[in-house]
Amino acid sequence: MASGVTVSDVCKTTYEEIKKDKKHRYVIFYIRDEKQIDVETVGDRNSEYDQFLEDIQKCGPGECRYGLFDFEYMHQCQGTSESSKKQKLFLMSWCPDTAKVKKKMLYSSSFDALKKSLVGVQKYIQATDLSEASREAVEEKLRATDRQ
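Since the model is a prediction, treat every value here as computed from it, not as a measurement.

Now for the overall build of the protein. Counting its secondary structure elements, the protein contains five helices and six strands. Listing each helix as α and each strand as β along the protein from the N terminus yields β-α-β-β-α-β-β-α-β-α-α. Relative to its length of 148 residues, the protein is compact, with a C-alpha radius of gyration of 15 Å against a globular reference of 15 Å. Projecting the C-alpha coordinates of the protein onto the three principal axes gives extents of approximately 50 × 30 × 30 Å. When the 148 residues of the protein are sorted by exposure, 44% land in the buried category. A separation of at least 24 residues holds for 64% of the contacts in the protein among residues at least 6 apart in sequence. Total accessible area on the protein stands at roughly 8200 Å², and carbon and sulfur atoms take up 48% of it. Computed over 25 positive and 25 negative side-chain charges, the separation of the two mean positions in the protein equals 5 Å.

Consecutive side chains along a regular strand alternate between the two faces of the sheet. Bridge count for strand β4 (residues 65-76) against strand β5 (residues 83-94) is 12 bridges, and the pairing is antiparallel. Bridge pairing links G67 to M92 in β5. Counted along the chain from β4 to the antiparallel partner β5, the turn is six residues long, and its residue G79 has a positive phi close to 85°.

Below, the discussion takes up helix α2 (residues 49-57). Along an α-helix, residues three or four apart share an orientation, since each turn contains 3.6 residues. Taken together, the buried positions of α2 are Y49, F52, L53, D55 and I56. On an axial view of α2, the arc spanned by its buried residues comes to 165°, and they lie on one face. In α2, the exposed residues that point more than 90 degrees away from the buried face are D50 and E54. The elements touched by buried residues of α2 are β2 (24-32), β3 (36-44), β4, β5, α4 (130-133) and α5 (135-143).

To continue, consider the pattern of salt bridges. Counted according to the given criterion, the structure contains 16 salt bridges. In this structure, E72 engages R45 in a salt bridge whose closest nitrogen and oxygen atoms are separated by 3.5 Å. Note that E72 is positioned in strand β4 and R45 in the loop between β3 and α2, a separation of 27 residues in sequence. Via salt bridges that share partners, K22, R25, R45, D70, E72 and K85 belong to a single interconnected network.

If you look at soluble globular proteins, the nonpolar side chains tend to sit buried side by side. One finds F29, I37, Y66, L68, L91 and L114 to be the most contacted residues of the largest nonpolar core, which totals 23 residues. When residues in this core are grouped by element, the largest group, four residues, is from helix α3 (residues 101-117).

A separate point is helix α1 (residues 9-19). Considered for burial, the residues of α1 that qualify are C11, T14, Y15, E17 and I18. One side of α1 carries all its buried residues, which in axial view fall inside an arc of 160°. At its buried positions, α1 is contacted by β1 (6-7), β2, β3, β4 and β5.

This part covers the packing of aromatic side chains. For the structure on display, the rule yields 15 aromatic pairs. Geometrically, the ring pair formed by Y49 and F52 is tilted, given 5.4 Å between the ring centres and 40° between the ring planes. Taken as a pair, Y49 and F52 lie in helix α2 at a separation of three residues, close to a single helical turn. Centre to centre, the rings of F52 and F90 are 6.0 Å apart; their planes meet at 90°, and the pair counts as edge-to-face. Within this pair, whereas F52 is found in helix α2, its partner F90 is found in strand β5, the two being separated by 38 residues in sequence. Look at F52 and you get buried, because its relative accessible area is 0%. Through a chain of ring-to-ring contacts, three or more aromatic side chains come together here, namely Y26, Y49, F52, F69, F71, Y73 and F90. Sitting over the face of the ring of Y124, K115 holds its NZ or CZ atom 4.9 Å from the ring centroid.

Definitions and limits used
Residues numbered from 1 in each chain as written. Predicted model: local features only at pLDDT ≥ 70, side-chain atom pairs only at ≥ 80, totals over all residues. Heavy atoms only, no water. Helix = DSSP H or I, 4+ residues; strand = E, 2+ residues; numbered from the N terminus. Rg over C-alpha atoms; globule rule 2.2 N^0.38 Å. Buried < 20%, exposed > 50% of the residue type's maximum accessible area, 1.4 Å probe, protein only. Contact = heavy atoms within 4.5 Å. Areas by Shrake-Rupley, 256 points an atom, 1.4 Å probe, with all protein chains shown as cover. Lys, Arg positive; Asp, Glu negative; His and termini not counted. Charge placed at Lys NZ, Arg CZ, Asp CG, Glu CD. Pairing = 2+ DSSP bridges. Arc of directions from axis to C-beta. Salt bridge = Lys/Arg side-chain N within 4 Å of Asp/Glu carboxyl O. Core = buried A, V, L, I, M, F, W, Y, C linked by side-chain atoms within 4.5 Å. Phe/Tyr/Trp six-rings, centres within 6.5 Å; stacked < 30°, edge-to-face > 60°. Lys NZ or Arg CZ within 6 Å of the ring centre and 35° of its normal.

Shape descriptors only; they carry no functional weight alone.
The structure is reproduced here in structure tokens:
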């Protein structure tokens, strides 16, 4: 079900700055006035994952957000002793259990509009608490898509 929420141009521009130009590490999106997805926070390139988690929750326990992160990790192919650095973009829908039902419904029904406008995201993650959003949980989901 589509919510009729649109994606602002600044979301797409900021996404391209992360994907192509590597200008930022992450961006936090929010739905403004139940009408448009907009940029709330941009994390500079040397930001850590913990800062991303802090910013995605900054709005409080009753609020939902979307977050895009350029995740880096070391990957070792089977049969080799060399590790290579991998980068994957993931888009997270952060809807804590403590958020109101109407808010959660708006964010979940608008997630598709954001997915469609950000072409090239490798993984979509839905998180309702910190255990699902932790660096370990996210890295496990991203590694699951690696070739062995």
